Amino acid sequence: SQTIHQWPATLVQPVGSPLSLECTVEGTSNPNLYWYRQAAGRGLQLLFYSVGIGQISSEVPQNLSASRPQDRQFILSSKKLLLSDSGFYLCAWSVGTVNTEAFFGQGTRLTVV
Amino acid sequence: AQSVSQHNHHVILSEAASLELGCNYSYGGTVNLFWYVQYPGQHLQLLLKYFSGDPLVKGIKGFEAEFIKSKFSFNLRKPSVQWSDTAEYFCAVNQANTGFQKLVFGTGTRLLVSP
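Attention here is on the structure that accompanies the text. (Residues numbered from 1 in each chain as written. Chains lettered and ligands numbered in written order. Predicted model: local features only at pLDDT ≥ 70, side-chain atom pairs only at ≥ 80, totals over all residues. Heavy atoms only, no water.)

1. Section: the packing of aromatic side chains
So, point 1. A complete count under the given rule lists 15 aromatic pairs over all chains for this structure.
So, point 2. Centre to centre, the rings of Trp93 of chain A and Phe103 of chain A are 4.7 Å apart; their planes meet at 25°, and the pair counts as stacked. Note that Trp93 of chain A is positioned in strand β9 (residues 87-94) and Phe103 of chain A in strand β10 (residues 103-104), a separation of 10 residues in sequence.
So, point 3. When its relative accessible area of 4% is taken as the criterion, Trp93 of chain A is described as buried.
So, point 4. The interplanar angle of 80° and the centroid separation of 5.9 Å between the aromatic rings of Phe104 of chain A and Phe105 of chain B together place this pair among those described as edge-to-face. On the criterion of chain membership, the pair formed by Phe104 of chain A in strand β10 and Phe105 of chain B in strand β11 (residues 104-105) is interchain, its members lying in two chains. (Phe/Tyr/Trp six-rings, centres within 6.5 Å; stacked < 30°, edge-to-face > 60°. Helix = DSSP H or I, 4+ residues; strand = E, 2+ residues; numbered from the N terminus. Buried < 20%, exposed > 50% of the residue type's maximum accessible area, 1.4 Å probe, protein only.)

2. As for the pattern of salt bridges
So, point 1. For the coordinates displayed, the defined rule picks out nine salt bridges over all chains.
So, point 2. Note that Arg68 of chain A and Asp71 of chain A form a salt bridge whose closest N and O atoms lie 3.2 Å from each other.
So, point 3. You can call Asp71 of chain A partly exposed: its relative accessible area is 22%.
So, point 4. Note that Glu88 of chain B and Arg110 of chain B form a salt bridge whose closest N and O atoms lie 3.5 Å from each other. You can see Glu88 of chain B sitting in strand β10 (residues 87-95) and its partner Arg110 of chain B sitting in strand β12 (residues 109-114), a full 22 residues away along the chain.
So, point 5. The exposure class assigned to Glu88 of chain B is buried, which follows from its relative accessible area of 12%.
So, point 6. Here the salt bridges share partners, and the residues they tie into one network are Lys58, Glu64, Glu66 and Arg77 of chain B. (Salt bridge = Lys/Arg side-chain N within 4 Å of Asp/Glu carboxyl O.)

3. Regarding the environment of Arg37 of chain A
Residues and elements named next belong to chain A.
So, point 1. As for its placement among the helices and strands, Arg37 is situated in strand β4 (residues 32-38).
So, point 2. Relative accessible area serves as the criterion here: at 12%, Arg37 is assigned to the buried category.
So, point 3. For Arg37, the contacting residues outside a window of four places in its chain are Gly43, Leu44, Gln45, Leu47, Gln62, Leu64, Ser84, Asp85, Phe88 and Tyr89.
So, point 4. Reaching out from Arg37, the side chain makes a polar contact with the side chain of Tyr89 at a distance of 3.2 Å. (Contact = heavy atoms within 4.5 Å. Polar contact = N/O pair within 3.5 Å; in protein donor to acceptor, adjacent residues only side chain to side chain.)

4. With respect to the sheet that holds strand β1 (residues 3-7) of chain A
All names here are of chain A.
So, point 1. Pairing is antiparallel in the open sheet, where four strands are placed in the order β1-β3-β8-β7. Single-partner strands in this sheet number two, and they are β1 and β7 (65-70). Taking the axes of each pair of neighbouring strands and ignoring which way they run, one obtains an average angle of 20° across the sheet. (Pairing = 2+ DSSP bridges. Axes fitted to C-alpha atoms, helices over the stretch in contact; angles between N-to-C directions.)

5. Some points on the interface of chain B and chain A
So, point 1. Taken residue by residue, the interface counts 23 residues in chain B and 25 residues in chain A.
So, point 2. Buried surface at the junction of chain B and chain A, both sides included, amounts to about 1900 Å², of which 53% is carbon and sulfur.
So, point 3. Remark: the boundary between chain B and chain A carries two salt bridges.
So, point 4. Between Glu101 of chain A and Lys49 of chain B there is a salt bridge; the shortest N-O distance is 2.6 Å. (Buried area = accessible area lost by both parts, 1.4 Å probe.)

6. Re unusual backbone geometry
So, point 1. The amide bond that connects Trp7 of chain A to the next residue, Pro8 of chain A, takes the cis arrangement and shows omega of 0°.
So, point 2. On the secondary structure map, Pro8 of chain A appears in the loop between β1 and β2 (10-13).
So, point 3. A positive phi is found at Asn30 of chain A, a non-glycine position, where the angle reads about 50°.
So, point 4. When you line up the elements, Asn30 of chain A lands in the loop between β3 (19-26) and β4.
So, point 5. Positive phi is not limited to glycine here, since Phe72 of chain B has a value of about 50°.
So, point 6. As for its position among the elements, Phe72 of chain B is in the loop between β8 (64-68) and β9 (73-78).

7. Considerations on the layout of surface pockets
So, point 1. When its volume is computed, the largest pocket comes out at roughly 570 Å³.
So, point 2. Gln38 and Arg109 of chain A together with Gln38, Glu88 and Arg110 of chain B are, among the 28 residues lining the largest pocket, the residues nearest its centre.
So, point 3. Elements supplying a minimum of two residues to the lining of the largest pocket: β9 of chain A together with β2 (10-14), β10 and β12 of chain B.
So, point 4. Grouping the constituent residues of the lining of the largest pocket by class yields 10 nonpolar, 14 polar and four charged. (1 Å grid on protein atoms, 1.4 Å probe; cavity = no way out; pocket = protein on both sides within 12 Å on 5 of 7 lines; lining within 4 Å. Points joined across faces, edges and corners; volume = space filled by probe spheres on them. Nonpolar A, V, L, I, M, F, W, Y, C, P; charged D, E, K, R; others polar.)

Here's what the structure looks like:
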């Protein structure tokens, strides 16, 4: 069966520090991968998605970047965190070409102080 | 741009009460609709989904939702809630017939069921 791992579960980082959140998927090949964020009082917002190794699409301009160095690995990064980067980050995956569902990781609660 | 509105941010019910959570979306094309649930300490998981066909969709744990195209709504219902239904519920929508889950989510509804 497929599983998705996302870590760490919680993270407190000072303003200006770098960020690296990692997500890996097991039990499937060539998944579509996604990073979502939920800021306080707002719905989950799609940040990035990837359809293959090295292919990243950004949905919103921001202080973050994403990379996909391997088929089932998706990394969310920042060189210098801002207070506004605080939120709940979720990684997700899906497969198939039409009308599929997404499966989510457990999320990372990031607090920038 | 697509948007999803969940009008109830917090709902408190007693066990055995009936539940209806509202969800409205704005998008002129064909959509897929989802309800996700996040139980305390657990990951976001799919409760039910609508792609096409019967607009009344049945999901896990006795939940159902009805797609009313004319009202752009996809309300979630359960006739009798249990304490274990305490969770946060998210409505989501994406453009149909694509392979990508570019989901647009509502802000969520926190449901507390008291025993």
